[in-house]
Amino acid sequence: MEKGYTLITGASQGIGREMAKYCAQKGMNLLLVALPNEHLEDTVKEIETDYLVKVDHLAIDLCQLDAAQQVYDWTIQKGYEVHILINNAGFGDSGFFEDIPFQKTVNMLLLNNLAAVSMTHLFLPQMKKRGHGHIMGTSSIEGILIMPYKASYSATKRFIYSFFLALRQECKKAGVNVSVLCPGPVPTTPGAIQRIKVQGKKAEIITRSVDHVAEIAISKMLKKQGIIIPGRLLRTVVLGTWLIPFSIKMWFFERMSRRYADQRVEMMKKQVAVK
Ligand SMILES: NC(=O)c1ccc[n+]([C@@H]2O[C@H](COP(=O)([O-])OP(=O)(O)OC[C@H]3O[C@@H](n4cnc5c(N)ncnc54)[C@H](OP(=O)(O)O)[C@@H]3O)[C@@H](O)[C@H]2O)c1
């Protein structure tokens, strides 16, 4: 198994937390990064109690412009060698683009894209010097497919997909593996569960449990797979969409995800009524 440390962002809940537990099971030492709250401390305690690995954590808001530098400086100060970097922290929102508070969209860009790119920029040179290492970006099926009513989220995930796949080719000769994880729906947050419900059967059949996604992500990354799409049916759906003409595909996606916008408009109407 890999020596050194595996650094996971967004490791206190959801997919990140399950990836941390799966890595610990495999004997990998961990550095966990997430927002400062009880979720992060609970995750650290659980891993310390259940597994014989070294684990440390840093509570930080990765939306800050200098957050990645702070994370990097912390690892240098503590003498931690990061051999695996998993850029997992991210969030999304849905509805008409103009209905989503703009600061939320800005934070989405900062967390989903800038934090991942900055972390990679800082940790990649030492991996190249060592001649080995893994870096994973977390995209989404919605980054591959392009989703109306999730324009910003879908675009941040498209960026991650494109950035890490291009980087993968650049890093091959240096011995550093770069992978990109593209999950379909995963019931993690109440918001994610609600979105799966809104889409009904279509979403349910491609939904995978959080521990399944985490296990596939880590095991395929260690096998140096480029694009990791958990679930055979989901992979088939993606391949199928590549065969459909773009305008037909976008017409279908618009119809399919219009419910997100309707739901947000309803929510906004209720808020106005309460005021
Ligand atoms: N769930 C899905 O259906 C799905 C599908 C495709 C792709 N993805 C992607 O997979 C990744 C994980 O999703 P998830 O559903 O597991 O998310 P989640 O359950 O909401 O967990 C997100 C993690 O990121 C941390 N985080 C959030 N904002 C942060 C910030 N500003 N600074 C530092 N850490 C922050 C959270 O910390 P706190 O616990 O402190 O809030 C938490 O540990 C995301 O990139 C997401 O876009 C998810």
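See above for the structure.
Residues numbered from 1 in each chain as written. Predicted model: local features only at pLDDT ≥ 70, side-chain atom pairs only at ≥ 80, totals over all residues.

Moving on: the overall build of the protein. A tally of helices and strands in the protein yields eleven helices and seven strands. Against the compact-globule benchmark of 19 Å for 275 residues, the protein has a radius of gyration of 19 Å, which places it among compact chains. For the protein, with 275 residues in total, the buried portion stands at 38%. Sequence separation of at least 24 residues holds for 68% of the intrachain contacts in the protein that already meet a minimum separation of 6. (Helix = DSSP H or I, 4+ residues; strand = E, 2+ residues; numbered from the N terminus. Rg over C-alpha atoms; globule rule 2.2 N^0.38 Å. Buried ≥ 20, exposed ≤ 12 C-beta atoms within 10 Å, placed from the backbone. Contact = placed C-beta atoms within 7 Å.)

Another point: the sheet that holds strand β4 (residues 82-87). Strand order in the open sheet made by the seven strands is β3-β2-β1-β4-β5-β6-β7, with parallel pairing throughout. Two strands close off the open sheet at either side, each with one partner strand: β3 (55-59) and β7 (227-228). The pairing of β4 with strand β5 (residues 133-138) spans four bridges and is classified as parallel. The residue of β5 that forms the bridge with Ile84 is His134. Sitting on the sheet, helix α1 (residues 14-25) touches β1 (5-9), β2 (29-34) and β4, and the angle it makes with β1 is about 165°. Across the sheet, helix α3 (residues 67-78) lies against β2, β3 and β4, angled at about 145° from β3, the strand it touches most. (Pairing = 2+ DSSP bridges. Axes fitted to C-alpha atoms, helices over the stretch in contact; angles between N-to-C directions.)

Our next topic: unusual backbone geometry. Even without being glycine, Ile146 reaches a positive phi, approximately 70°. Following the sequence through the fold, Ile146 ends up in the loop between α5 (141-145) and α6 (151-171). Within the chain, Tyr149 stands out as a residue other than glycine whose phi angle is a positive 65°. Following the sequence through the fold, Tyr149 ends up in the loop between α5 and α6.

This next bit is on α6. Each α-helix winds once per 3.6 residues, and so residues spaced three or four apart point in a common direction. For α6, built from 21 residues, the straight-helix expectation of 30 Å at 1.5 Å per residue is met to within 8% by its first-to-last C-alpha distance of 30 Å. Residues Tyr153, Ser154, Thr156, Lys157, Ile160, Tyr161 and Phe164 constitute the buried set of α6. Buried residues of α6 fall within an arc of 160° about the axis and therefore sit on the same side. The exposed set on the far side of α6, more than 90 degrees from its buried face, consists of Ala166, Gln169 and Glu170. (Expected span 1.5 Å × (residues − 1). Arc of directions from axis to C-beta.)

For helix α4 (residues 102-130), built from 29 residues, the straight-helix expectation of 42 Å at 1.5 Å per residue is met to within 8% by its first-to-last C-alpha distance of 41 Å. The sharpest bend along α4 comes to roughly 35°, located at Phe123, with the proline Pro125 sitting one to four residues further on. Buried residues of α4: Met108, Leu111, Asn112, Ala115, Ala116, Ser118, Met119, Thr120, Phe123 and Met127, and no others. Lining the buried residues of α4 we find β1, α3, β4, β5, α6 and β6 (176-181). (Bend = angle between axes of the 7 residues up to and from the residue.)

Taken together, 29 residues sit near the ligand, with Gly10, Gly14, Leu35, Gly90 and Thr188 positioned nearest. At the level of elements, α1 and α2 (38-50) are the ones that each hand at least two residues to the shell around the ligand. If one sorts the elements of the shell around the ligand by residue count, α1 sits on top with three residues. Classifying every residue of the shell around the ligand by side-chain character gives 14 nonpolar, 14 polar and one charged. (Near = placed C-beta within 6 Å. Nonpolar A, V, L, I, M, F, W, Y, C, P; charged D, E, K, R; others polar.)

Along β2, six of the six residues are buried, which leaves the element largely enclosed by surrounding structure. Where burial is concerned, the two faces of β2 agree: the one with Asn29, Leu31 and Val33 and the one with Leu30, Leu32 and Ala34 are both buried. Note: β1 against β2, five bridges, orientation parallel. Residue Tyr5 lies in a different strand from β2, and its bridge partner there is Asn29. Handedness of the crossover joining β1 and β2 through α1: right-handed. Across five bridges, β2 lies against β3 in parallel orientation. Bridge pairing in β3 places Val33 opposite Leu58. Once the chain exits β2 it traverses α2 before rejoining the sheet at β3, and the crossover so formed is right-handed. (Right-handed = clockwise from strand over helix to strand, strands pointing away.)

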